[in-house]
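A structural walkthrough
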Amino acid sequence: MSRTRAARSVVAALFVLAVGASAAGCGSETPKATPPPHITASTAAPASPKAAAALPASKPVRVRIPAAGVDAGPILDLGLAEDGTVEVPSVADADRIGWYDKGVTPGERGPAVLIGHFDTVKGPAVLKNVSKVKVGDTVSVARADGRSADFTVRALEQVDKKTFPTQKVYGDTDRPELRIITCGGELTGGHRPDNIIVYADLVA
């Protein structure tokens, strides 16, 4: 199951180059005044030589990112939009995080992907404090089976949406990993030009 889902996430990645354009949490109009999200270049922590054992499939129900003050749930299911891009939470759901349900569930082998808004036309959103997340911080995902998939942040990067690293984010991995995606950069034409991506590894 895990391998199949991971394979599907790679296939779906062919459609998500527009993640940079539409699946990273920016409102379609100019948001209310919000400091631009930006992360400083960070040196990735080395991957643990022994990864935590993968968990069976189970949908995520809540995510906690203490460093960013996030305790959000229930988690939204996000698929693909009609144009083939990854869905994002609606403006009405700006305080919630979504899970890309064409990939693996958090804790399974492969890259589970969570997406949330930094801000919308209505103002700051669930990932407004993403710049406070640092290498070594913890992300905990509560699952429908009652278990918690706990991850440690290994790296963060800020990229231009036009050069979104699709394979790096959605490509198959040999261990359970997590990606959290939102927007970054100064507003340009009512949109933020960058994506901020958090990479984390399962530790428990």
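Below: a short report on this structure. (Residues numbered from 1 in each chain as written. Predicted model: local features only at pLDDT ≥ 70, side-chain atom pairs only at ≥ 80, totals over all residues. Heavy atoms only, no water.)

1. Looking at the packing of aromatic side chains
Considering all chains together, one arrives at two aromatic pairs under this definition. Each ring, one from Tyr 100 and one from Tyr 170, has its centre 5.5 Å from the other, and the planes form 90°; the classification is edge-to-face. Linking Tyr 100 in strand β4 (residues 98-100) with Tyr 170 in helix α3 (residues 166-170), this pair joins segments that are 70 residues apart in sequence. Looking at Tyr 100, the relative accessible area reads 1%, which means it is buried. Classification of Tyr 170 as buried rests on a relative accessible area of 1%. Relative to Tyr 170, the ring of Phe 164 has its centre 6.5 Å away and its plane inclined at 50°; by these criteria the two rings are tilted. (Phe/Tyr/Trp six-rings, centres within 6.5 Å; stacked < 30°, edge-to-face > 60°. Helix = DSSP H or I, 4+ residues; strand = E, 2+ residues; numbered from the N terminus. Buried < 20%, exposed > 50% of the residue type's maximum accessible area, 1.4 Å probe, protein only.)

2. As for the pairing of strand β11 (residues 194-202)
Within β11, nine of the nine residues are buried, leaving the element largely enclosed by the surrounding structure. For strand β9 (residues 148-160) and β11, the ladder comprises nine bridges, and the chain directions are antiparallel. Along β11, the bridge assignment pairs Val 159 with Asn 195. Pairing analysis gives eight bridges linking strand β10 (residues 176-184) to β11, with the strands arranged antiparallel. By the bridge assignment for β11, Cys 183 is matched with Asn 195. (Pairing = 2+ DSSP bridges.)

3. Some words on the pattern of salt bridges
Per the stated rule, a full pass over the model turns up 13 salt bridges. With a closest N to O distance of 2.7 Å, Asp 77 and Lys 59 form a salt bridge. Of the two residues, Asp 77 is situated in strand β3 (residues 76-78) and Lys 59 in the loop between α2 (19-22) and β1 (60-65); the sequence distance between them amounts to 18 residues. The exposure class of Asp 77 is partly exposed, given its relative accessible area of 36%. On the basis of relative accessible area, Lys 59 is assigned to the partly exposed category, the value being 41%. (Salt bridge = Lys/Arg side-chain N within 4 Å of Asp/Glu carboxyl O.)

4. Topic: empty space enclosed by the protein
Any empty space left between the atoms is revealed when a probe the size of a water molecule rolls over them. Scanning the entire structure with this criterion turns up one cavity of 30 Å³ or more. The computed volume of the largest cavity comes to approximately 40 Å³. Every residue along the wall of the largest cavity is listed here: Ile 65, Ala 68, Leu 127, Val 130, Val 133, Val 139, Ile 180 and Val 198. For the lining of the largest cavity, the class distribution of residues is eight nonpolar, no polar and no charged. (1 Å grid on protein atoms, 1.4 Å probe; cavity = no way out; pocket = protein on both sides within 12 Å on 5 of 7 lines; lining within 4 Å. Points joined across faces, edges and corners; volume = space filled by probe spheres on them. Nonpolar A, V, L, I, M, F, W, Y, C, P; charged D, E, K, R; others polar.)

5. Remarks on the pairing of strand β8 (residues 138-143)
Burial of β8 is extensive: five of the six residues sit out of reach of the surface. Where β1 meets β8, four bridges bridge the pair, whose relative direction is antiparallel. What sits directly across from Arg 64, in β8, is Ser 140. Pairing between β8 and β9: five bridges, direction antiparallel. Bridge pairing in β9 places Ala 142 opposite Ser 148. Linking two consecutive strands that pair antiparallel, namely β8 and β9, is a turn of four residues; a positive phi of about 90° is found at Gly 146 within it.

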